[in-house]
Every structure is written in structure tokens, then in C-alpha cells.
Amino acid sequence: MNIALLLLFLVFCKGSHTSGLITNVTTRPDVLNIGSMFTFDSVIGKIAKLAITLAVEDVNSNPNILNGTKLSLKMHNTKSSDFLGIVEALQFMENDTVAIIGPQFSATAHVISHIANELQVPLLSFAATDPTLSPVQFPFLVRTTRSDLFQMTAVVDLVVHYEWRDVIAIYVDDDFGRNAIASLGDKLAEKRCKISYKVPLTPTATKDEIRKALISVSTMESRILILHIYTSWGLQVLEEAQEQKMMDSGYVWIATDWFSTILDTDPSLPLVQTNNIQGVLTLRMYTPDSQLKTEFKSRWSNLTRARRLLNNTSFGLNTYGLYAYDSVLLLAQAIESFFANGWNISFSNDTNLRELSGGKLNLDALNIFNGGRQLLKSILEVNTTGLTGPIKFDADGNLLNPAFEVINVIGTGTRTIGYWSNSSGLNVLPPEKLQMKMQTNGSSAGAQNMYSVIWPGQTTEKPRGWVFPYNGRKLKIGVPRRVSYREFVGIKGTDFTGYCIEVFQAALNELPYGVPYKYVPFGDGIKNPENNDFLHRVQIGEFDGVVGDITITTNRTKMVDFTQPYIESGLVVVAPIRKMNSSAWAFLRPFTPMMWGVTGVFFLVVGAVIWILERRTNEDFRGPPRRQFVTIVWFSFSTLFFSQKEKTGSTLGRFVLIIWLFVVLILNSSYTASLTSILTVEQLSSPVKGIESLATGTEPIGYLRGSFAEAYLTDELNIHHSRLFPLNSPEEYEKALKKGPSANGVAAVIDERAYMELFLSSRCGYSIVGQEFTKMGWGFAFPRDSPLAIDMSTAILKLSENGNLQKIHDKWLMKSACSAEGAKQAVDRLQLTSFWGLFLLSGIACFLALLLHVLRMVRQYYRHADSDIESSQSTGRLKSFVSFVNKREQEVKSSSKRRTDNKASNKIVHDQECSSDGIDES
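Quick summary incoming for the structure in this document. Only a predicted model underlies this, so the values are computations on that prediction, with no experimental measurement involved.

**A short note on the overall build of the protein chain**
Alright, step 1. On a plain count of helices and strands, the protein chain comes out with 32 helices and 34 strands.
Alright, step 2. When contacts within the protein chain are restricted to residue pairs at least 6 apart in sequence, long-range pairs at least 24 apart make up 75% of them.
Alright, step 3. When the accessible area of the protein chain is evaluated, it comes to approximately 44100 Å², of which 54% is carbon and sulfur surface.

What follows is the structure, encoded as C-alpha cells:
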């Protein structure tokens, strides 16, 4: 490579070229020189050589393609040497070559592309798959095959489909391998997966180097192996893996398309080699079936039959052979388009290279293809169909619709288990059929799916994808050396006991595999260890896991991976309580004073309204003022207990009364229920009502030293740090609570429910007050991306479903001498807010009834008042109205009737007098 770079430096040391003398100008020549360079004896090269030869013959034999112009093909064998590739490329430039089919290797393409850029000669590579061969950096390199970027995306989709997270990448250590694996890592990261271990192999890896690499791989945790190497020695890796027992059950081998290329080229591998590749998954560039492809395959079989018999070599047609053929077809159609647009074939010398003339390298003979840019444009604009299907480039210079077959090696053959396309991902249908189905049904591709796979070891069960490293080391599981609450974690010498320990061991027993581990205590035994420091030891690799009373918090999930919580344990407030003894006035406690007052007022108001509505028509509501007042009070309050002797006759009165009786029913039922609870249930009282009253007060608060509660109280609830007192044990809890705030104690202790339930199990003078104000849980911690965390979560769910988790809880934590919960700490007295709607309804009924009653009286007053009242002054009218209201309705009606009768009598007398006067006059 150093020699190649030196040669490039000599050629282009003068910077950019300047055009010199233009030579060999022609509009449409009879013969055009094209070149081809690859390794003839490689698996890809020997097939490509024949395919390119056949393609040139087909183009030259068809006058409709180039209209009489013939292609003159010259092939050079690079012999897998980048240096020879450079030299041969320069030789092509001396002979007025318009385009080159190749190179085969990505490393060679990186170097030769610089020459192509300077001399403006398009390169059509059918095998350089390095994703970093960008048209921005190498505009004259046209990739006529699929980029490894898409192949690595397909590999990642396979990994995600089977729910694996970590893979090991074994690859060739050159541009081809490194850049493809870099793309694999990027795509895995997008799916929250990763390459846990990389194994680079030199391009000329020996058997000993391969053995050492695989031995190192066998000690790793991941069993998902991605193999991206060359066809020349790829089978040696699988053979060595078989010898190292790495093709057994539990391993997953995903080989890129180098493996399918070998299988296509030599379908009849020896039996020994076939045994080495059982269960391997590989990818093959997908080429849709067509009549053109079928005819070419038949022609290929006929042409190669004699060669196979003569040379005893395999000549199966692989996909790279198809792309090599299409590269020639693509170039021919681009050349025809080039001529159709009026462009000419011409070459010119570079004046900078002239200055290097006289040497044996003959560098001044290199010519610039003046129509190179136009031909490149024509190549990228081709839209045709070849053996590989539609041939068309996108804006990034990639062939459209990249797709791959997913192949499983079974027995002596292979089986396609699905397809991958850039548009629809994994599916059992070929991309074109899936697209047709989607257009017909008008739906999306749906969930990704694959046919069943026979994995290494002849099993159909999906491998877990990881194991514990086989290096004799047991997992170091950290256990906190607690000072208090040893029911959760207890350490006595080499014995580890407690609720958390038993749950962990029960979960391990649920796993379908064994886990070698040993407990390692953490802490000095004098004070409880800091959990954040404990988890940091997992993060730096000192521990492989943590078992204990570790609360899952947001910040901690950034350090480690937690399992499913095995116990809920949010923060609660514990405070001293006292019993509330019953008293002679206990019957007043169901209602607050405000409630009592409003209820009494409404009794009087309703009684007064009924009196107003009934007094004119009902004798029960008439009489002396004192009697009427007693009637109002008696009638309203007696609605609580029994029917009243006073009858309500008016419609409005009955309407008001029925509404009020409904209100009384609700009040009576609520009062009875609340009073029953007060008199029959033991009532406990505490000056602390919950976290809200505690946060707004000034009393000191206790918490467990090392707990996350301190950070939560200061950061989330804004409680000043001076109010917080760290405590180390339940005994210190009890002592501080007994002292109280006045004696340098605390008003309450805030800790997790699991601790507090154990604390209250033998201390009946304290209780949880208020509600649990956080929802958290405890989990086992493992390093980030550890698959054991996922499997342990599943095991914990199984324990919960089969009831064993509850049994372990009852065994260690149900030792209560008194209730841990206690009763409610504050009696929920019935407030006015619970009944104001009822009072409002009753008030509206009273108001409407009074309004209608007044309107009716006013109407009666103006209708039945006599002429003297009507002619009186306003003061007299008001008195007369009051007098009218005070009359019984029957009196008003009788008076009105008498007035009507008198008027009628007077009218008759008047008429008679008038009649008699008329007779006298006559």
C-alpha cells in the first residue's frame, strides 16, 4: 500500500490536471476499448470472467444496442494485489479506455478511484461493497451491486427479530471488513443493540490465527457470531469452529453473502465441509425470477458443463456473476445514450504528466477521457432491466430496491426462510410479491416474520444468544452488609439469609440454565452502605450483580440494569398515634360546626316557607303569633323523625316539603353511617396528617441513612436539609419518635413501606399516616445490557404467578404483633361541601314557591280589593295589602262573592227604579 501511495504521489504531485493536446477524436468509432480487472482464480472472479465475456459477446452480436459499434474487452488479473490493481489501471489509461469493469476488492477500489477521478474514466464495480465508497468522494466509481450498508441493516433486523442484543463480529481487517462492521455497529446502536466483541483477521489469515481468534471468542458471553470475511478462506473459519465445538447447540452463525456465494458456486460441497456449516444463516443478494434470468441460467449450465467435467472445477452461477453481466449491459446502454446525445470520444494529454516524461514508467502516455463526465451521467441515468432485475440508480448512486434472501443451511442443501428488503424489512414473501399484496389489500407490510430455522446442533429452539463466559470464574454477586432490617438481608459469616436472598435464589431456580455465582458482602457492618456507591461498583465491573434492598430510581437506571421489581416499596410517613376516646358529645362529631349550623338554619327556613304557603288555607298554621312560631319550629324539625300532625294542603307547600324530605333522608343516612363508624371503630389520631402537612411545617424529619429518601425530600419536596435527621436503625427510629420535636427528636420518619411495615409489626404506638407518596420497588441490579437482567425479570414474574413470591414474603415479613396499617388517622368528618347541592335544591324550591305565592296574592289583591282600597294612598294601600295577606283565603273569597252579589242586587234595583220613573213620566 505504501508503494501504491508513492506511485499516486508521483503521478499527481502537481495538483489538478490541465488539458493538453486532444487526440483520437471520433463521433462513433467502430471499436471502443473497455477494461476489466479482478482476480481470475477467486470464487467471484472466475464466474465474473465468464459472465463478462458472455455479456460483451451478447452486446456485440446485437446491432440494436450500439448500432454497429463493437466493444473491445481487455481483462487484467489483479491476483488479489492492490498494487497490481493500480498498475493495471494505469495500463488501461494508456490505451484510450472509456470505462473499466471492476475492481473486485473494496481496498483496491479506494485507491484506483483516485486515478479514475483524475483521468475521468468511469469504474463499474460489481463486487466492491464497502459502504464508505461514496459517490461524493469517488464520483467516477459506480457500484453496480448492493452496498454492505444494506446487508448490515438486514443482519441487524435478523438480530432484533430473534430478540438478541449483543453480537460478536469476526471480520477481515481491511477496508472491506472494517467499514462494513462499522456500519453494523451503527445500525445495531439504532436498535439498542451492540457489538460486544470484535475479532479482526488479516486478509491472509492462517489456520493458527483463526484458531486463536475462535478460542478467544468461545470465552465471551455472546453466542451470536457475525462472519464477514473473504470467500477464499471463509470455510476454514467454520471448519475450525467445528473443531472448537462452536457449531453446537447454543451458537448462532450469521454469515454475510460471501457464504452464499460459495454455496452457489459449488453447490456440491464435500460431506466433511457440509457437516461444518449446519444451521448457519447467510444472506444472498435477491434477484427476482424472470424469463431473461431463466434463459441465461440454462445457457450458463450448458456452457459450463464441459468445463466442470474437464477441469473438475465448480462453475455454479452466483449473484456476483449476474451483476457482472449486467454491468456490461449497463455500460453498453450508457454508451449508446452518450452517442445519441451528440457526444464524442476524445482523449487529451495532461501537461503535468508531460513534465514526468523520459522515465521508464511512461507516465506521459496516460490520457484524460474528455467525455468521461458525460458518460458517467449517462450511466447513472440508465433505466433498464437485466438479469438481476430493474437497473436504476437513486440520488446517492445506489441501485434501487435493495433486497436479500435469508438462507438456512440444512443437511446437504439450503432453504430460504425469508426475505429482507429496505422498504418492508423481513418477510416470508419476496419483495415484489409483498409489494403487490400491499397494493392489492391497501395495507402495510405488517409484523416481520420468518419461516422456522434449524439452528446449529440440529435444534429448532431459538438459541438464547448468550452464556456465562467459560473461564472458570463465578459471578460476583454483591450483598449489602446491613446494620438494620436483617430480615431482608442478613449475613452471618458465610451464611447469607433474608427475604431478598431467598427471592434471588428462587428466581435462579426458575432459569432454564445454571448460573455459577458467589456472594460477596459489601459494607463495614457499622453503618448501612450507600446504595449509589454500591451500584457504582457494578458499573465499574467490581461486581457482576447486586442482591439486596435496592430501590429502583431514575438516576440508578442510568448506572445499571434492574430486573422486574419483586416487591413494591414507596415512601410513607410514620408518626406517633393516640387513641381517641368516646365522649358524651360524640354524637356531634359526624358533622362539623358549620354543617350543624347550616342544617339548623335550613330547618327553620323550610318551616317558615311552609308556614307562609299554608297559613291562608290551613287552620293548623293559624292562630296567635306565639302558636304560629311554635308550629314553624315543630313542623320543620319533626321532619327528621316522624310524620307531622299538620297537613299540607297547597301544591306549592307539598312541592317544598317533598324536596326537603329528600334532603333530610340523605342527611339522616349520612349522619347514621358516620356516627356508627365513630362509635364502633377504634379511632387513632396523630398531629401529622401526611406528607403535605409535614412538608409545609417546620418539624424535624427522620430518614434512613444511605436511603434515596434524603435526595427525594430535598430535591422534589424542597424540604430544607436542616430539618432532616439521618437514623441508622429501627431502634433509633423509635427513640427519636418518642422524644418528639420538643426534645431533640423528630415529628415523623419517612422511609420505604417495606421497612416501615416491619418496623410497625412490633410497635403499636406508631402508624403510617397519609398516603404512600411514591410508587417504587426493589429489584436486582446487573451491568448495563446484561441479558441476565431480562431472564431474571421473567423468572420473577413466574414466581409471582405461581404464588411462590407471596409465600417467601409471608415467611420473612409477616411477623406482626399488631396491625402495620392501623386505622385511618383522621376521621373524615362530613363537610358542608358534600351537601351544599342538596341545600341549594331545597332553597331554590322554597324561593320558587314563595315567588309564585306572592304573585298569586298580588293578583288576588288587585282583583278582589274594593274601590275604597284602590282609591287610598300608597301607605293605606300597603296596610290594606298586609291586611289582605293576613286574611284567610276563604274570607277573601266570601268577601268577593258578597261584593259580586251586592253589585248584582244594586244593578237590579237601579234598573227597576229607572223603569218606574219612565212610567210616571208617561
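Additional details are given in the paragraphs that follow.
**Brief notes about a nonpolar patch on the surface**
Alright, step 1. Judged by side-chain polarity, Leu840, Ile844, Phe847, Leu848, Leu851, Leu852 and Leu855 come together as a nonpolar surface patch covering roughly 660 Å² of accessible area.
Alright, step 2. Residue position: isoleucine 844 is located in helix α29 (residues 836-864).
Alright, step 3. Residue isoleucine 844 is classed as partly exposed on the basis of its relative accessible area of 43%.

**Comments concerning the pattern of salt bridges**
Alright, step 1. Taken as a whole and assessed by the stated rule, the structure comprises 23 salt bridges.
Alright, step 2. For the salt bridge of glutamate 502 with lysine 811, the shortest nitrogen-to-oxygen distance reads 3.1 Å. Within this pair, whereas glutamate 502 is found in helix α17 (residues 499-510), its partner lysine 811 is found in helix α28 (residues 804-813), the two being separated by 309 residues in sequence.
Alright, step 3. By relative accessible area, which is 48% here, lysine 811 ends up partly exposed.
Alright, step 4. Within this structure, Asp208, Arg211, Lys212 and Glu240 form a network of salt bridges that share partners.

**Focus: the environment of serine 693**
Alright, step 1. Mapped onto the elements, serine 693 comes out in helix α23 (residues 691-696).
Alright, step 2. Given a relative accessible area of 30%, serine 693 falls into the partly exposed group.
Alright, step 3. For serine 693 and glycine 770, which are 77 residues apart along the polypeptide, the C-alpha to C-alpha distance reads 9.6 Å.
Alright, step 4. From its side chain, serine 693 meets the backbone oxygen of glycine 690 in a polar contact 3.1 Å long.

**Examining the pairing of strand β31 (residues 748-752)**
Alright, step 1. Among the five residues in β31, five count as buried, and that is most of the element.
Alright, step 2. Here four bridges tie strand β26 (residues 571-576) to β31, and the two strands are oriented antiparallel to one another. Among the inter-strand pairings, leucine 571 is bridged to a residue of β31, identified as glutamate 752.
Alright, step 3. Strand direction decides the pairing type here: strand β29 (residues 701-704) and β31, joined by three bridges, are parallel. Across the sheet, residue isoleucine 701 finds its bridge partner in β31, namely alanine 748.

**Here we look at the side chain of threonine 256**
Alright, step 1. The residue threonine 256 is located in the loop between β10 (252-255) and α10 (257-265) in this model.
Alright, step 2. Separated by 2.9 Å, the side chains of threonine 256 and histidine 228 make a polar contact.
Alright, step 3. Apart from residues no more than four positions distant in its own chain, threonine 256 is found in contact with Gln151, Met152, Leu227, His228, Thr282 and Leu283.

**Brief notes about the sheet that holds β26**
Alright, step 1. Taken together, the five strands give an open sheet; going across it, the order is β30-β29-β31-β26-β32, and neighbouring strands pair in mixed fashion. The sheet is open, and its two edges are formed by β30 (724-727) and β32 (766-769), each paired on a single side. Here the average twist between neighbouring strands, direction ignored, is 35 degrees.
Alright, step 2. Running over the sheet, helix α25 (residues 730-739) touches β26, β29, β30, β31 and β32 and is turned about 150 degrees from β31.
Alright, step 3. In the packing of helix α26 (residues 753-760) onto the sheet, the strands contacted are β26, β29, β31 and β32, and the crossing angle to β31 comes to about 125 degrees.

**Structural notes on α25**
Alright, step 1. The set of residues buried in α25 consists of Pro730, Tyr733, Ala736 and Leu737. The arc that holds every buried residue of α25, seen down its axis, measures 125 degrees, which confines them to one face. Turned more than 90 degrees from where α25 packs its buried face, Lys735 and Lys738 sit exposed.
Alright, step 2. Buried residues in α25 make contact with β26, β29, β30, β31, α26 and β32.
Alright, step 3. Of the residues flanking the end of α25, it is glycine 740, one or two places downstream, whose phi is positive at about 80 degrees.

**Digging into helix α27 (residues 787-802)**
Alright, step 1. Under the 1.5 Å per step criterion, the end-to-end length of α27 is 23 Å for 16 residues, consistent within 8% with the ideal 22 Å.
Alright, step 2. Of all the residues in α27, the buried ones are Pro787, Leu788, Ala789, Asp791, Met792, Ser793, Ala795, Ile796 and Leu799.
Alright, step 3. At its buried positions, α27 is contacted by β19 (475-480), α17, β24 (561-562), β34 (781-782) and α28.
Alright, step 4. Two residues or fewer past α27, glycine 803 is found with a positive phi of approximately 85 degrees.

**Description of the environment of valine 409**
Alright, step 1. By the element assignment, valine 409 lies in strand β16 (residues 403-410).
Alright, step 2. Separated by 146 residues in sequence, valine 409 and leucine 263 have C-alpha atoms that sit 9.5 Å apart.
Alright, step 3. Discounting residues that sit within four places of it in the chain, valine 409 has contacts with Phe259, Leu263, Ile277, Gln278, Gly279, Val280 and Thr414.

Reading guide: rules and limits
- Residues numbered from 1 in each chain as written.
- Predicted model: local features only at pLDDT ≥ 70, side-chain atom pairs only at ≥ 80, totals over all residues.
- Heavy atoms only, no water.
- Helix = DSSP H or I, 4+ residues; strand = E, 2+ residues; numbered from the N terminus.
- Contact = heavy atoms within 4.5 Å.
- Areas by Shrake-Rupley, 256 points an atom, 1.4 Å probe, with all protein chains shown as cover.
- Patch = residues over 30% accessible without salt bridge, like charges linked within 9 Å, V, L, I, M, F, W, Y side chains within 5 Å.
- Salt bridge = Lys/Arg side-chain N within 4 Å of Asp/Glu carboxyl O.
- Buried < 20%, exposed > 50% of the residue type's maximum accessible area, 1.4 Å probe, protein only.
- Polar contact = N/O pair within 3.5 Å; in protein donor to acceptor, adjacent residues only side chain to side chain.
- Pairing = 2+ DSSP bridges.
- Axes fitted to C-alpha atoms, helices over the stretch in contact; angles between N-to-C directions.
- Arc of directions from axis to C-beta.
- Expected span 1.5 Å × (residues − 1).

Nothing here speaks to function; it is geometry throughout.
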